[in-house]
Amino acid sequence: QVQLVESGGGLVQAGGSLRLSCTASGNSFRIIVMGWYRQAPGKQRELVATITRGGTTNYADSMKGRFTISSDNAKNTIYLQMNSLKPEDTAVYSCYANVVDPTRGTNYGVWGQGTLVTVSS
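In what follows, the accompanying structure is described.

Points about the overall build of the protein chain
1) Next: Counting secondary structure elements, the protein chain contains zero helices and eleven strands.
2) Next: Scanning the protein chain from its N terminus toward the C terminus, one meets helices and strands in the order β-β-β-β-β-β-β-β-β-β-β.
3) Next: For 121 residues, the compact-globule estimate of 2.2 N^0.38 gives 14 Å, and the C-alpha radius of gyration of the protein chain, at 14 Å, lies within 12% of that figure.
4) Next: Once local pairs closer than 6 in sequence are excluded, the contacts in the protein chain between residues at least 24 apart make up 55%.
5) Next: A total of about 6,400 Å² of accessible surface is found on the protein chain, and carbon and sulfur atoms cover 46% of it.
6) Next: Across the protein chain, the 11 positively charged side chains and the 7 negatively charged ones have centroids separated by 3 Å.

A word on unusual backbone geometry
1) Next: The backbone of Ser28 sits at a positive phi, close to 55°, despite the residue not being glycine.
2) Next: Ser28 gets classed as partly exposed once you look at its relative accessible area, which sits at 30%.
3) Next: Located in the positive-phi region is Ser84, a residue other than glycine, with phi close to 50°.
4) Next: Summarising the element assignment, Ser84 is placed in the loop between strand E8 (77-82) and strand E9 (91-101).
5) Next: Here Ser84 falls in the partly exposed class, since its relative accessible area comes to 41%.

As for the sheet that holds E8
1) Next: As summarised here, the arrangement of the four strands in space is E1-E3-E8-E7, forming an open sheet in which the pairing is antiparallel. The open sheet terminates on both sides in strands that have one partner only, identified here as strand E1 (3-7) and strand E7 (67-72). With direction set aside, neighbouring strand axes in the sheet form an average angle of 15°.
2) Next: Pairing between E7 and E8: six bridges, direction antiparallel.

A closer look at the packing of aromatic side chains
1) Next: Within this structure, the stated rule accounts for three aromatic pairs.
2) Next: Relative to Trp111, the ring of Tyr96 lies with its centre 4.9 Å away and its plane at 55°, an arrangement referred to as tilted. Separated by 15 residues along the polypeptide, Tyr96 in strand E9 and Trp111 in strand E10 (residues 106-111) bring together distant segments of the chain.
3) Next: Through a chain of ring-to-ring contacts, the aromatic side chains of Tyr37, Tyr96 and Trp111 assemble into a single cluster.
4) Next: Here the basic side chain of Arg45 rests over the ring of Trp111, its NZ or CZ set 3.9 Å away from the ring centre.

Definitions and limits used
- Residues numbered from 1 in each chain as written.
- Predicted model: local features only at pLDDT ≥ 70, side-chain atom pairs only at ≥ 80, totals over all residues.
- Heavy atoms only, no water.
- Helix = DSSP H or I, 4+ residues; strand = E, 2+ residues; numbered from the N terminus.
- Rg over C-alpha atoms; globule rule 2.2 N^0.38 Å.
- Contact = heavy atoms within 4.5 Å.
- Areas by Shrake-Rupley, 256 points an atom, 1.4 Å probe, with all protein chains shown as cover.
- Lys, Arg positive; Asp, Glu negative; His and termini not counted.
- Charge placed at Lys NZ, Arg CZ, Asp CG, Glu CD.
- Buried < 20%, exposed > 50% of the residue type's maximum accessible area, 1.4 Å probe, protein only.
- Pairing = 2+ DSSP bridges.
- Axes fitted to C-alpha atoms, helices over the stretch in contact; angles between N-to-C directions.
- Phe/Tyr/Trp six-rings, centres within 6.5 Å; stacked < 30°, edge-to-face > 60°.
- Lys NZ or Arg CZ within 6 Å of the ring centre and 35° of its normal.

Structure (structure tokens):
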């Protein structure tokens, strides 16, 4: 089974920056796509950005221009660079991966435990 470990959350002032990391580990898997979602207090989880193994990215409209997702395939790691942070960006940011187990031919999704980002005004 694949596990995702996130890091990089914390407290930052409005206008500041943070970089989140998420590393996938486990036996026998191939990443199809990884991404970040976030859930603010009292709100539904929403997409932040995704990136495929081949490097194709997708962003929620509200994140375009401020957030950048990237990956290091050799490390099975993705990053989320967040700039010009706003108080409304405060949320738990969770990493997601859709992977294939080539030995079983199965496809499944995995979530990380989440990391809290707090942006103060």
